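# What the coordinates show
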Amino acid sequence: MRKTIFTLTMILAVVTAFGQTPRNIAKEAIPVSMVQVTYAAQLPGFDTRTDYGFSNTIGGSIIHKTQGNWIFTANGNFIFGNQIKGSRIDIFGESITTVYGEVIGGGGLPTALATFERGLHFQAEVGRLFPMAPNPNSGLFVQFGAGYLWNRMRTEYQIEVQNPPLQLMGDYQYGYDKMRGGMALHGEVGYLVVSNTRVYNFSVSLEVTYARTKHLRDYDFRVFYDENGQPQVMGYNDKSKRFNDFYYGIRLGWMIPFYQRQPDEYYYY
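Residues numbered from 1 in each chain as written. Predicted model: local features only at pLDDT ≥ 70, side-chain atom pairs only at ≥ 80, totals over all residues. Heavy atoms only, no water.

### Quick look at the overall build of the protein
Along the backbone of the protein there are 3 helices and 10 strands. The 269 residues of the protein split such that 44% are buried. A separation of at least 24 residues holds for 72% of the contacts in the protein among residues at least 6 apart in sequence. Here the protein has roughly 14,800 Å² of accessible surface; of this, 62% comes from carbon and sulfur atoms. (Helix = DSSP H or I, 4+ residues; strand = E, 2+ residues; numbered from the N terminus. Buried < 20%, exposed > 50% of the residue type's maximum accessible area, 1.4 Å probe, protein only. Contact = heavy atoms within 4.5 Å. Areas by Shrake-Rupley, 256 points an atom, 1.4 Å probe, with all protein chains shown as cover.)

What follows is the structure, encoded as structure tokens:
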């Protein structure tokens, strides 16, 4: 994967550097290709808010801005957070937890568990730049796109020889992670700066992501007991059920632009 990203970046740089006529970025709109690294702080909405709280996203993008100030972007993002909604009993059910929400390991002692949100979001976008300061290649931008998003709950534990969490080890963990995924729509509005000197190149934006998702696991292992003490197994997931996953927040980006600069002008007298 790293080799693929590196190769695409090098191809982008070479094509951009040798395929363009030198231009003055400070005075005119020019085509610019960029590699971008981003961070986003996000809050959940709709069905996402039921399971998760605040989350972070780090990502990478390949961007091309045309001379006419159209923007085309392909990016991928990794979602991570540590705010899981509900008690341990809600998360793991009543069959493997005590009344205090503890999971007892193979040695008969409570295990040390930590739960996290994890996810991925891939998308392609198209947008428009409206030039402002500091040059015709910087300014307010708006873009929209579509892609795919999935999220799940990850459980981490300390492996203890005398007290392993057998109920959550190996493939058993997948029966509790609530993994779901589906097609996603994304919108973003912000400010892009491509500096005259290639030193300060960044973006800041507000964004929203909506995904229509479904269960990606066949079975939910959680068991709850009714008022008569009878076990109620969650059982097979309904694959026809749909969820409305929603994230919104602020994104910061740092970019490396690739374009052929016009040589500096020198005057001799």
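Following the structure, the description resumes.
### Looking at the nonpolar core
Ranked by size, the top nonpolar core spans 12 residues in total: I25, I30, V32, M34, I63, I71, L129, F141, L192, V194, M255 and Y259. With residues near it in sequence (within four places) discarded, I25 still touches I30, V32, N135, P136, N137, V194, S195, N196 and Y259. Counting residues in each nonpolar core, the second largest holds 10 residues, with F92, M153, L168 and Y176 among its members. (Core = buried A, V, L, I, M, F, W, Y, C linked by side-chain atoms within 4.5 Å.)

### Remarks on a nonpolar patch on the surface
Nonpolar side chains collect at one region of the surface, where F130, M132, L140, V189, V204, L206, I250 and L252 lie side by side and expose about 670 Å² of accessible area between them. Its place among the elements puts M132 in strand 4 (residues 113–132). Judged by its relative accessible area of 46%, M132 falls in the partly exposed class. (Patch = residues over 30% accessible without salt bridge, like charges linked within 9 Å, V, L, I, M, F, W, Y side chains within 5 Å. Salt bridge = Lys/Arg side-chain N within 4 Å of Asp/Glu carboxyl O.)

### A few points about the environment of Y157
Its place among the elements puts Y157 in strand 5 (residues 135–157). Linking Y157 and M169, residues 12 residues apart in sequence, is a C-alpha distance of 9.1 Å.

### What to know about the pattern of salt bridges
Pairs may arise between side chains of opposite charge once their charged atoms sit close together. This structure, assessed with the given rule, holds 9 salt bridges. Linking K239 and D218 is a salt bridge whose minimum nitrogen-to-oxygen distance equals 2.8 Å. Of the two residues, K239 sits in the loop between strand 9 (231–236) and strand 10 (243–258) while D218 sits in the loop between strand 7 (201–215) and strand 8 (219–225), which places them 21 residues apart along the sequence. Owing to a relative accessible area of 34%, K239 belongs among the partly exposed residues under this scheme. Put simply, D51, K178, R180 and D245 are held in one network by salt bridges that share partners.

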